[in-house]
Amino acid sequence: MSDGSDKEEDPPHLARYREYKRRQEVKRQQKSKPTTSPSSSPTTPPSEQYSSLPDRLINHRLTPLLLKLVIWTFLLLFFAHHEFGSVFFLASIPFIVWQSMEEYKRGPRELSAYSVFNQNLERLDGTFTSEQWEKELRYGPASVMK
């Protein structure tokens, strides 16, 4: 029987796991230590030290969408109160579609899913065409294999 003084070497997966846990603990300890930054110096006024919203929320890409949704909801409630809710809703649908189409611009070499919008009518790989369908009907599915 072993008295525990001579330690056997751990299997590699267990050693890696213990190293991982040790690193996680070190990271946790580093996060819990107070850090001094220039923004928290006593000479900086409190209004400049703290923002009303956290930076991660201000810079988040969903924030404008949420803001638009809240404004649209309040406008819908306002118009619904004045018995024009359905008119506002129906009028806002084309506007929402138009706005959503403007948000995304393709890059110079990025292909559209519709080949008529691509330079030289270039198709995406894997596009099912009428020519391919016709070949399959006439000569079987093996005729279109590349």
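Refer to the structure printed above.
Since the model is a prediction, treat every value here as computed from it, not as a measurement. (Residues numbered from 1 in each chain as written. Predicted model: local features only at pLDDT ≥ 70, side-chain atom pairs only at ≥ 80, totals over all residues. Heavy atoms only, no water.)

(A) Region of interest: the pattern of salt bridges. In this structure the tally under the stated criterion is 5 salt bridges. Where Glu 19 meets Arg 23, a salt bridge forms, and the shortest distance between an N and an O atom there is 3.3 Å. A residue pair is termed a helical-turn pair when its members lie 3 or 4 positions apart in one helix, as Glu 19 and Arg 23 do in helix H1 (residues 12-32) at 4 residues. What makes Glu 19 partly exposed here is its relative accessible area of 29%. Between Arg 28 and Glu 25 there is a salt bridge, with the nearest N and O atoms lying 2.7 Å from each other. You can see Arg 28 and its partner Glu 25 sitting in helix H1, 3 residues apart, about one turn around the helix. (Salt bridge = Lys/Arg side-chain N within 4 Å of Asp/Glu carboxyl O. Helix = DSSP H or I, 4+ residues; strand = E, 2+ residues; numbered from the N terminus. Buried < 20%, exposed > 50% of the residue type's maximum accessible area, 1.4 Å probe, protein only.)

(B) Highlighting unusual backbone geometry. One non-glycine residue with positive phi stands out, namely Asn 120, at about 60 degrees. Within the secondary structure, Asn 120 is located in the loop between helix H5 (85-103) and helix H6 (130-139). One non-glycine residue with positive phi stands out, namely Leu 121, at about 50 degrees. Tracing the backbone shows Leu 121 in the loop between H5 and H6.

(C) Spotlight on the packing of aromatic side chains. By the definition in use, this model includes 5 aromatic pairs. Seen in terms of ring centroids, Phe 78 and Phe 79 are 5.4 Å apart; in terms of plane orientation they differ by 75 degrees. Their pairing is edge-to-face. A relative accessible area of 46% means that Phe 78 is categorised as partly exposed. According to the relative accessible area criterion, Phe 79 is partly exposed, its value standing at 29%. (Phe/Tyr/Trp six-rings, centres within 6.5 Å; stacked < 30°, edge-to-face > 60°.)

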